[in-house]
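Remarks on the overall topology
Chain residues, written in single-letter form:
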Amino acid sequence: MDYRNEWKYQVSGAQLAVLAARLSPILRPDGHHRPGGYAIRSLYFDDFSNSCLWENEAGVDDRRKYRLRIYNGDASLIKLEIKEKLHGMTHKTACTITPEQCRAIIRGTPPPLGKDSPPPMNLLAVAMRTRGLAPKVIVEYERTAYISRLGNVRITFDRNIAASAAVGLFLEPRVPLTPVLPAGQHVLEVKYDEFLPDPVAQVLELGHLRRTAFSKYYLSRLVLSEPLAERAMQYEF
């Protein structure tokens, strides 16, 4: 199935601890697993008109986000990802790029178009050339993820979400960060294909949790932008 269901919930640290104890016996950790979770750093792009920002706010159903991503500060593996949302479901395409390609893109140099280039590279190249797509914000957080082949389920706990406008430092060991959520607040994401297996649904008890349309990119832009900071305080995450 090309598009997947993706549900998000606002949760506390205590709720995550309970969920981790319940999920561990029935799901396995994903391939990036480390004790205590692993670090994700993403660099998000937007165009001249900040289309991604305003489409997210308006709840536009058919929208696309571009991002670069590294894990645990390892700049030897860099992913270019394009995430699309349609009819409330999501689809992601990705390819790996080199540090040299990454630095060129961050400087504003579009990658070359070519029949041998991965589709995400060509899409990014066109968007940079025609819409002025450029890096806007770094988002960093700690993730614990559980997966199951049944239903292609992926459950993620995203803790300590923070943002930085210092986009040029994306590949550096550290960047200055600003928290985007109140202390002790985190995000649970539930992703699956056609169905969520009953054992997983029962363990999660999703009806007791508060579902949200939370967007890491959107709230990070609000928090870091002075004119929008007041709106961030009222954001329903």
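Structure report, in brief.

Calculation rules
- Residues numbered from 1 in each chain as written.
- Predicted model: local features only at pLDDT ≥ 70, side-chain atom pairs only at ≥ 80, totals over all residues.
- Heavy atoms only, no water.
- Helix = DSSP H or I, 4+ residues; strand = E, 2+ residues; numbered from the N terminus.
- Rg over C-alpha atoms; globule rule 2.2 N^0.38 Å.
- Buried < 20%, exposed > 50% of the residue type's maximum accessible area, 1.4 Å probe, protein only.
- Contact = heavy atoms within 4.5 Å.
- Core = buried A, V, L, I, M, F, W, Y, C linked by side-chain atoms within 4.5 Å.
- Axes fitted to C-alpha atoms, helices over the stretch in contact; angles between N-to-C directions.
- Parallel < 35°, antiparallel > 145°, perpendicular 65-115°, else oblique.
- Nonpolar A, V, L, I, M, F, W, Y, C, P; charged D, E, K, R; others polar.
- Expected span 1.5 Å × (residues − 1).

Check the secondary structure of the chain and you find 7 helices and 11 strands. On C-alpha atoms alone, the chain measures out to a radius of gyration of 18 Å, which is about the 18 Å that the 2.2 N^0.38 rule sets for 237 residues. Taking the principal axes of its C-alpha atoms as reference, the chain extends roughly 50 × 45 × 35 Å. Across the 237 residues of the chain, 50% fall into the buried class. By sequence separation, contacts in the chain at least 24 residues apart represent 67% of the contacts at least 6 residues apart.

Now for the side chain of H186. Assignment of secondary structure puts H186 in strand β10 (residues 185–192). Leave out the neighbours within four places in its chain, and H186 touches Y9, Q10, V11, S12, G13, L16, D158, R159, N160 and L181.

This next bit is on the nonpolar core. In terms of nonpolar packing, the biggest core is built from 24 residues, with L43, L68, I97, C102 and F170 touching the most fellow members. Listed by contribution, the elements that provide at least two residues to this core are β3 (38–46), β4 (63–71), β5 (74–86), β6 (89–97), α3 (99–107) and α4 (119–131).

Time to look at the packing of helix α2 (residues 51–58) against helix α6 (residues 216–224). Axis separation between α2 and α6 bottoms out at 10 Å; the angle between their running directions is 110°. In terms of axis orientation, α2 runs roughly perpendicular to α6. Between α2 and α6, the contacting residues are C52, L53, N56 and E57 on the first element and Y217, Y218 and R221 on the second. Looking at side-chain class alone, the contact of α2 with α6 contains 4 nonpolar, 1 polar and 2 charged residues.

So, on to α4. The end-to-end C-alpha distance of α4 is 17 Å, a good match for the 18 Å that 13 residues give at a rise of 1.5 Å each. All buried positions along α4 are accounted for by P120, M121, N122, L124, A125, A127 and M128.

Here Y66 is to be found in strand β4. The exposure class of Y66 is buried, given its relative accessible area of 3%. Separated by 123 residues in sequence, Y66 and E189 place their C-alpha atoms 19 Å apart. Not counting chain neighbours up to four residues away, the residues in contact with Y66 comprise L43, Y44, F45, E81, I82, L123, L124, A127, R131 and L133.

All right, on to unusual backbone geometry then. Phi is mostly negative for residues that are not glycine, and the peptide bonds are mostly trans. The backbone of N50 sits at a positive phi, close to 55°, despite the residue not being glycine. Overall, the relative accessible area of 18% leaves N50 in the buried class. Positive phi values are uncommon outside glycine, yet N72 reaches one of about 50°. Here N72 is to be found in the loop between β4 and β5.

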